[in-house]
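So you can see what is in the structure, the chains are spelled out below.
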Amino acid sequence: MFPARVAPDEAQTRTMPDREFRTEWSWPPTSLLGRLAPPARERMLRMGTGVRYPAERVLMRESETTTFVLVLLAGVVKATGLTGEGRDALLAVRMGGDLVGEFAGVDGRPRSATVTACGPVTARSVTRGEFLDCLRREPEIALAVNAAIITKLRDANDRRVDFAGCDVATRLARVLHQIAMAYGEPSGAGALIRWPITQPELASLAGAAEPTVHRALRRLREIRVISTGYRSVKVEDLARLGAIAYPR
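The sections below set out a description of the structure shown in this document. (Residues numbered from 1 in each chain as written. Predicted model: local features only at pLDDT ≥ 70, side-chain atom pairs only at ≥ 80, totals over all residues. Heavy atoms only, no water.)

**Some details on the nonpolar core**
Across soluble globular proteins, nonpolar side chains show a tendency to be buried alongside one another.
Consideration 1: Core analysis: the biggest nonpolar cluster contains 33 residues, and Leu 172, Leu 176, Trp 195, Leu 202 and Val 213 have the highest contact counts within it.
Consideration 2: For this core, the secondary-structure elements that each account for two or more residues are strand E6 (88-95), helix H6 (168-183), strand E11 (190-193), helix H7 (199-206), helix H8 (210-222), strand E13 (232-235) and helix H9 (238-245).
Consideration 3: The element best represented in this core is H6, accounting for 8 residues.
Consideration 4: Here Trp 195 is in contact with Val 76, Val 93, Met 95, Ile 179, Tyr 183, Arg 231 and Ser 232, once residues within four sequence places are set aside.
Consideration 5: One finds Leu 99, Phe 131, Ala 144 and Val 145 within the second-largest nonpolar core, a separate group that totals 22 residues. (Core = buried A, V, L, I, M, F, W, Y, C linked by side-chain atoms within 4.5 Å. Buried < 20%, exposed > 50% of the residue type's maximum accessible area, 1.4 Å probe, protein only. Helix = DSSP H or I, 4+ residues; strand = E, 2+ residues; numbered from the N terminus. Contact = heavy atoms within 4.5 Å.)

Structure below.
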């Protein structure tokens, strides 16, 4: 559906002085920054260094020993893991307002996933020491970070349970519905997912073979539940997609 990733030169990353950053942002209310009260959010945004990454830049790699944490301000990243067969499996998608790299930031162990920018990304890069110090000094932020981590673990467990016994069409509909609800831009009766996701990545999220996902996507397009464009997927009718994803 979309072009394959090509990792660019790391020198393209740009550190930014704080004066270059916007003071107003829009984050989903379900994200870490979206759920924090303004005073705590402002304190969190003072941490670290402002950075901008180009599209397709690998921000952190699975198994590496870096421990910095990224507070995403704008843009979309994807987390992937290497399977036993040597393929990249899409594990999760994160957007502005979310935290990435916090597992290594908390326990100091090697990275559990590779994180790649799906488009231009703006973030705060925070060292492990500063991150842990913030959690110790700021109980409100610590509680929000813990809640965000637990939400990620619950979502992973829910997906395993939800997918048990479901056919591929239902699993794919659930993946698209979850992404649209969490990260889609409202558009009429539907939502626009404005970032690139490949059919192999959808297949890995749905736990299915790529040809089967291709057929399921084609069927959703034929019945006009979704449409696809350049680097985007539009859910034309969230209610219809939800009925397919969670039949009664």
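Let's pick the thread back up.
**Let's talk about the pattern of salt bridges**
Consideration 1: Summed over all chains, the structure comprises 5 salt bridges.
Consideration 2: For Glu 222, the salt bridge is made with Arg 219, and the minimal N-O distance between the two is 3.8 Å. Placement of the pair is Glu 222 and Arg 219 together in helix H8, with a separation of 3 residues, close to one helical turn.
Consideration 3: According to the relative accessible area criterion, Glu 222 is exposed, its value standing at 51%.
Consideration 4: With a closest N to O distance of 3.8 Å, Lys 234 and Glu 236 form a salt bridge.
Consideration 5: We classify Lys 234 as partly exposed; its relative accessible area is 26%.
Consideration 6: A relative accessible area of 30% places Glu 236 in the partly exposed class. (Salt bridge = Lys/Arg side-chain N within 4 Å of Asp/Glu carboxyl O.)

**Quick word on the environment of Lys 78**
Consideration 1: Relative to the helices and strands, Lys 78 resides in strand E5 (residues 76-82).
Consideration 2: Classification of Lys 78 by relative accessible area gives buried; the value is 9%.
Consideration 3: Along the backbone, Lys 78 and Ile 197 are 119 residues apart, and their C-alpha atoms lie at a distance of 9.0 Å.

**Focus: the packing of H6 against H9**
Consideration 1: Where H6 contacts H9, the axes come no closer than 8 Å and their chain directions differ by 140°. Taken as axis vectors, H6 and H9 run oblique relative to one another. Every pair of crossing elements has a handedness; the one defined by H6 and H9 is left-handed. Seen from H6, the contacting residues are Thr 170, Ala 173, Arg 174, Leu 176, His 177, Ala 180 and Met 181; seen from H9, they are Leu 238, Leu 241, Gly 242, Ile 244 and Ala 245.
Consideration 2: Partitioned by chemical class, the residues of the contact of H6 with H9 number 8 nonpolar, 3 polar and 1 charged. (Axes fitted to C-alpha atoms, helices over the stretch in contact; angles between N-to-C directions. Parallel < 35°, antiparallel > 145°, perpendicular 65-115°, else oblique. Left-handed = near helix turned anticlockwise from the far one by under 90°. Nonpolar A, V, L, I, M, F, W, Y, C, P; charged D, E, K, R; others polar.)

**Looking at the sheet that holds E11**
Consideration 1: Strand order across the open sheet formed by 4 strands is E10-E11-E13-E12, with antiparallel pairing between neighbours. The open sheet terminates on both sides in strands that have one partner only, identified here as strand E10 (185-187) and strand E12 (226-229). Averaged over all pairs of adjacent strands, the angle between their axes in this sheet comes to 25°, without regard to strand direction. (Pairing = 2+ DSSP bridges.)

**Side note on the environment of Val 225**
Consideration 1: By secondary structure assignment, the location of Val 225 is in the loop between H8 and E12.
Consideration 2: Aside from chain neighbours lying at most four places away, what touches Val 225 is Leu 220, Lys 234, Val 235, Glu 236, Asp 237, Arg 240, Leu 241 and Ile 244.

**What about the pairing of strand E8 (residues 114-117)?**
Consideration 1: Neither face of E8 is left uncovered, since the one carrying Thr 114 and Thr 116 and the one carrying Val 115 and Ala 117 both have all their residues buried.
Consideration 2: Bridge count for E5 against E8 is 4 bridges, and the pairing is antiparallel. Bridge assignment links Ala 79 to a residue of E8, and that residue is Val 115.

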